[in-house]
Amino acid sequence: MTKHALITGITGQDGAYLAKLLLEKGYRVHGLVARRSSDTRWRLRELGIESDIVFLDGDLSDGTALQRAVVKARPDEIYNLAAQSFVATSWDQPITTGIVDGLGVTHLLEAIRQFSPETRFYQASTSEMFGLIRADRQDENTPFYPRSPYGVAKLYGHWITVNYRESFGLHASSGILFNHESPLRGIEFVTRKVTDAAARIKLGRQRELRLGNIDAKRDWGFAGDYVEAMWLMLQQDKADDYVVATGVTTTVRDMCRIAFECLELDYRDYVVIDPAYFRPAEVDVLLGNPAKAERVLGWQPKTSLENLIRMMVEADLRRVAKE
Ligand code: NAP
Ligand code: G4F
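Note that this is a predicted model, so its numbers are computed, not measured.

### Observations concerning the overall build of the protein
In step 1: Helix and strand content of the protein: 11 helices and 13 strands.
In step 2: Against the compact-globule benchmark of 20 Å for 323 residues, the protein has a radius of gyration of 19 Å, which places it among compact chains.
In step 3: Overall, the protein is about 60 × 45 × 40 Å in size when its C-alpha atoms are taken along their principal axes.
In step 4: Taken across its 323 residues, the protein has 55% of its residues classed as buried.
In step 5: Long-range pairs, those at least 24 residues apart, make up 80% of the contacts in the protein with a sequence separation of at least 6.
In step 6: The average position of the 41 basic charges and that of the 44 acidic charges among the side chains of the protein differ by 3 Å.

As structure tokens, this is what we get:
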């Protein structure tokens, strides 16, 4: 029997990689897309999978649309990846962020509860929920302390997932994923901003790179590895919550050094610190402990930060050269 999956946020970085993985596993993949005035399917084209997907209209803020999508797709599995996912924007659009990243999760869970209670559910939770960290290495038992409207909204999404699992017996899992990147990462996130700028500087298209707090530390992995953990969570008999991370943390400064070194450049010659990119409240350091994901799911990250950054720099170099 062909399995059906519904992915919200299919046009985003993770949505594209997850759709590819599920198609390779023989799934029929349905993708929820919000109406936009310009094209958002470029990542799906880049991976050569656009024509394999059944697209359904819907916005996470519209519960009726989500109910229709669930009834139409009759999915075995739903992956809720849709979100206003840029932390910096969440201070400018706190209400939208709360509605989409927080209440949107309840809309979806309600649709499942009412129309398809056997459907397994994955919620895209985040290490941003740890915020002002309460333990040196964060795991499933570390208390949360979000530092942005995004982190707060995602914490609601996390707890409502846990609550629907405990209240109604839904197979609902929450993946607490640390930062993961790829050549398909949005250009506003720091890794892609850096690799794109390094490529432009190398090709003489840009002179400097303006950044904020380069002393911040993140636990960065490869998105292609992380979507596998999402899938594994929904293959377990029992739903649960898992931290997905590499267990290594690196400063933005060192990440820059690695990216520029790939092109035989010294980042210190080009990076300008610009107060405009500092945040009202910063998450200084994140470092995950993925021991439970390793033990229960048999999941491990496969890609080192050096290889990830090289992959991104090379893709940006090819793309910028064609512009
Ligand atoms: P992304 O590239 O920003 O993709 C977000 C997706 O959500 C896009 O497809 C976007 O559609 C869609 N979306 C936004 N608002 C929507 C709405 N109101 N209704 C329906 N769809 C909407 O994010 P990502 O990096 O793939 O991350 C996927 C999920 O994991 C997000 O929930 C994010 O918060 C979470 N997460 C990410 C990371 C990470 O490091 N990447 C870590 C932890 C958790 P458009 O293309 O139309 O804008
Ligand atoms: O790349 P970032 O914007 O990612 P951030 O804020 O860690 O959020 C990402 O990871 C979360 C998981 O922990 C996801 F939930 C979330 O959806 C998103 O995918 O910033 C990383 C760090 C921050 O400390 C930021 O202050 O880089 C610092 N930074 C320094 N200069 C900058 C810049 N970030 C951006 N975006 N742009 C800068 O110029």
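### Examining the pairing of strand 6 (residues 172-177)
In step 1: Summarising burial for strand 6: 6 of the 6 residues are buried, a large majority.
In step 2: A two-sided burial pattern is seen for strand 6, the buried positions comprising Ala172, Ser174 and Ile176 on one face and Ser173, Gly175 and Leu177 on the other.
In step 3: Pairing of strand 5 (residues 120-126) with strand 6 involves 6 bridges; the strand directions are parallel. Bridge pairing links Thr126 to Leu177 in strand 6.
In step 4: Crossover handedness for the path strand 5 to helix 6 (residues 149-168) to strand 6: right-handed.
In step 5: Pairing of strand 6 with strand 11 (residues 241-244), which is carried by 4 bridges, proceeds in the parallel orientation. The residue of strand 11 that forms the bridge with Gly175 is Tyr242.

### Points about the environment of Ala281
In step 1: Relative to the elements of secondary structure, Ala281 occurs in the loop between strand 13 (271-273) and helix 10 (291-297).
In step 2: Sequence separation of Ala281 and Arg147 is 134 residues, and the distance between their C-alpha atoms is 6.1 Å.
In step 3: If sequence neighbours within four positions are ignored, Ala281 has contacts with Trp91 and Arg147.

### Details of the UniProt feature "domain: NAD(P)-binding" (unreviewed entry) in the protein
In step 1: UniProt records the feature "domain: NAD(P)-binding" (unreviewed entry) for residues 6-312 in the present numbering.
In step 2: The straight-line gap between the two end C-alpha atoms of residues 6-312 is 28 Å; of that span, 41% is helix and 16% is strand.

### Quick notes on the packing of helix 7 (residues 190-202) against helix 9 (residues 252-262)
In step 1: Two elements in contact, helix 7 and helix 9, have axes whose closest approach is 10 Å; the angle formed by their N-to-C orientations is 35°. Relative to helix 9, the crossing made by helix 7 is right-handed. Contacts from Val190, Thr191, Val194, Thr195, Ala198 and Ile201 of helix 7 reach helix 9 at Val252, Met255, Cys256, Ala259 and Phe260.
In step 2: Classifying every residue of the contact of helix 7 with helix 9 by side-chain character gives 9 nonpolar, 2 polar and no charged.

### Re the sheet that holds strand 1 (residues 4-8)
In step 1: Across the sheet, which stays open at both edges, the 7 strands sit in the order 3-2-1-4-5-6-11 with parallel pairing between neighbours. With one partner strand each, in any of the chains shown, strand 3 (54-57) and strand 11 form the two edges of the open sheet. Taking each pair of neighbouring strands and ignoring which way they run, the sheet shows an average axis angle of 20°.
In step 2: Sitting on the sheet, helix 1 (residues 13-24) touches strand 1, strand 2 (28-33) and strand 4 (77-80), and the angle it makes with strand 1 is about 175°.
In step 3: Those strands touched by helix 6 are strand 5, strand 6 and strand 11, and its axis lies near 150° from that of strand 5.

### Concerning the site of ligand 1
In step 1: Within the structure, ligand 1 sits among 26 residues, and Thr11, Asp14, Ser85, Tyr150 and Lys154 are positioned closest to it.
In step 2: Here Gln13 contributes a backbone N or O atom positioned 3.0 Å from an oxygen atom of ligand 1.
In step 3: At 2.9 Å, a backbone N or O of Leu81 approaches an oxygen atom of ligand 1.
In step 4: For ligand 1, the accessible surface in isolation is 900 Å², of which the surrounding protein chains cover 88%.

### Brief notes about the nonpolar core
In step 1: Counting residues in each nonpolar core, the largest one holds 61 residues, and the members touching the most others are Ile7, Leu18, Leu22, Tyr79 and Tyr122.
In step 2: Counting residues per element, this core draws most heavily on helix 8 (residues 223-234), at 9 residues.
In step 3: Counting only domains with at least three residues in this core, you end up with domain 1 (4-180 + 221-244) and domain 2 (186-219 + 249-286 + 303-321).
In step 4: Dropping the residues within four chain positions of it, Leu22 is found in contact with Ala5, Ile7, Tyr27, Val29, Tyr79 and Trp231.

### Observations concerning the site of ligand 2
In step 1: Taken together, 24 residues form the shell around ligand 2, and within it Thr126, Ser127, Tyr150, Arg279 and Glu282 come nearest.
In step 2: Tyr150 places a polar side-chain atom, nitrogen or oxygen, 2.8 Å from an oxygen atom of ligand 2.
In step 3: A distance of 2.8 Å separates a nitrogen atom of ligand 2 from a polar backbone atom of Gly212.
In step 4: The protein chains hide 96% of the 720 Å² of surface that ligand 2 would expose on its own.
In step 5: Elements with a minimum of two residues in the shell around ligand 2: helix 7 and strand 8 (209-211).
In step 6: Taken together, the residues of the shell around ligand 2 break down into 10 nonpolar, 6 polar and 8 charged.

Conventions we followed
Residues numbered from 1 in each chain as written. Chains lettered and ligands numbered in written order. Predicted model: local features only at pLDDT ≥ 70, side-chain atom pairs only at ≥ 80, totals over all residues. Heavy atoms only, no water. Helix = DSSP H or I, 4+ residues; strand = E, 2+ residues; numbered from the N terminus. Rg over C-alpha atoms; globule rule 2.2 N^0.38 Å. Buried < 20%, exposed > 50% of the residue type's maximum accessible area, 1.4 Å probe, protein only. Contact = heavy atoms within 4.5 Å. Lys, Arg positive; Asp, Glu negative; His and termini not counted. Charge placed at Lys NZ, Arg CZ, Asp CG, Glu CD. Pairing = 2+ DSSP bridges. Right-handed = clockwise from strand over helix to strand, strands pointing away. UniProt positions renumbered as here; feature names shortened; annotations may be inferred. Axes fitted to C-alpha atoms, helices over the stretch in contact; angles between N-to-C directions. Left-handed = near helix turned anticlockwise from the far one by under 90°. Nonpolar A, V, L, I, M, F, W, Y, C, P; charged D, E, K, R; others polar. Near = heavy atom within 4 Å. Polar contact = N/O pair within 3.5 Å; in protein donor to acceptor, adjacent residues only side chain to side chain. Areas by Shrake-Rupley, 256 points an atom, 1.4 Å probe, with all protein chains shown as cover. Core = buried A, V, L, I, M, F, W, Y, C linked by side-chain atoms within 4.5 Å. Domains from an automatic or database assignment.

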